[in-house]
Amino acid sequence: MAPTETEVAKLTEARDQLRDKHLHPAAVRPTTAGRGIHHTALLSSDVERTITFYQDVLGFPLTELIENRDYPGSSHFFFDVGNGNAVAFFDLPGLDLGPYAEVLGGLHHLALSLTPENWAAARERLDKAGVKYLEESGTSIYFTDPDGARIELIADDLGEMYGSKIG
């Protein structure tokens with residue numbers, strides 16, 4: 001159930017207070033300790049289907065396919081999503097994994113940045129593959145991958161969201 005107007009007003013006030021308390025101006029913001037996201041790991045129920053979808057439909061080349069060091073017989077495979085970043089997958093044969101579910105601490109969606117030209121080409125490939133999607137603001141496409149993970153392809157530059165700097 002969506003929050004009431006009064007609840008939204010209280011949530012907005014709380015968010016504003018958090019922003020005032022924790023969001024420091026760029027000029028005085030501490031330097032991050034990180035170098036970037038090495039990879040994000042999702043689960044796959046079918047390695048070949050996942051490879052076909054991410055490489056052929058979305059346009060992200062497969063860069064490695066190895067055994068998962070933590071689970072004998074399981075595959076760990078990686079796709080190049082640009083700028084040294086990767087999206088990885090595990091299959092976990094023999095485990096009775098349920099379908100994708102949105103849970104606290106889980107994945108809401110994975111947003112992948114593409115140039116406007118590559119974004120348009122990916123949209124055409126999604127159409128050709130019959131993948132249903134929701135297009136928002138002319139720069140974002142939301143859909144689910146073959147295992148139900150929510151994916152966003154976004155044509156905004158890295159560090160920007162709808163024309164505003166976020167980084």
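Predicted, not measured: the structure shown is a model, and the values here were computed from it.

The rules behind each value
Going along each chain's sequence as written, the residues are numbered from 1 onward. Only residues with pLDDT of 70 or above have their local features reported here, since the model is predicted, and side-chain atom pairs are shown and tallied only from 80 upward, although totals for entire chains, interfaces and linings are computed over all residues. To get the side-chain values, take all heavy atoms of the structure and skip hydrogens and water. Put simply, buried Ala, Val, Leu, Ile, Met, Phe, Trp, Tyr and Cys residues joined by side-chain atoms within 4.5 Å make one nonpolar core. Relative accessibility decides the category of a residue: with a 1.4 Å probe and only protein chains considered, values under 20% of the type maximum give buried, values over 50% give exposed, and everything between is partly exposed. In this description a helix means any DSSP run of H or I spanning at least four residues, a strand means any run of E spanning at least two, and both kinds are numbered starting from the N terminus. The criterion used for residue contact is that any of the two residues' heavy atoms lie within 4.5 Å. The criterion for strand pairing is that DSSP finds at least two bridges linking the strands in question. Throughout, an axis means a line fitted to C-alpha atoms (over the contacting stretch in the case of helices), and angles, computed between N-to-C directions, take values from 0 to 180 degrees.

For the rest of this paragraph, the subject is the nonpolar core. Membership of the largest hydrophobic core comes to 25 residues, with the highest contact counts inside it found for Tyr 54, Leu 58, Phe 60, Leu 112, Leu 126, Phe 143 and Leu 153. For this core, the secondary-structure elements that each account for two or more residues are helix H2 (47-57), strand S3 (75-82), strand S4 (85-90), strand S5 (110-113), helix H3 (116-129), strand S7 (140-144) and strand S8 (150-154). Of the residues forming this core, the biggest block, five residues, is contributed by H2. Look past the residues within four positions of Tyr 54 in its chain and what remains in contact with it is Leu 42, Gly 59, Phe 60, Phe 79, Phe 89, Asp 145 and Ile 151.

Attention now moves to the sheet that holds S3. Spatially, S1-S4-S3-S2 is the arrangement adopted by the four strands of the open sheet, whose pairing is mixed. At either margin of the open sheet sits one strand with a lone partner, and together these are strand S1 (39-43) and strand S2 (62-67). Going across the sheet, the axis of each strand differs from the next one's by a mean of 20 degrees, ignoring polarity. Bridging between S1 and S4 involves five bridges; their strand directions are parallel. Among the inter-strand pairings, His 39 is bridged to a residue of S4, identified as Ala 86. Where H2 meets the sheet, its contacts fall on S1, S2, S3 and S4, and the angle it forms with S3 comes to roughly 5 degrees.

The next point concerns the environment of Thr 139. Residue placement: Thr 139 occurs in the loop between strand S6 (134-136) and S7. The class for Thr 139 is buried, based on a relative accessible area of 18%. C-alpha separation for the pair Thr 139 and Met 161, spaced 22 residues apart in sequence, amounts to 9.6 Å.

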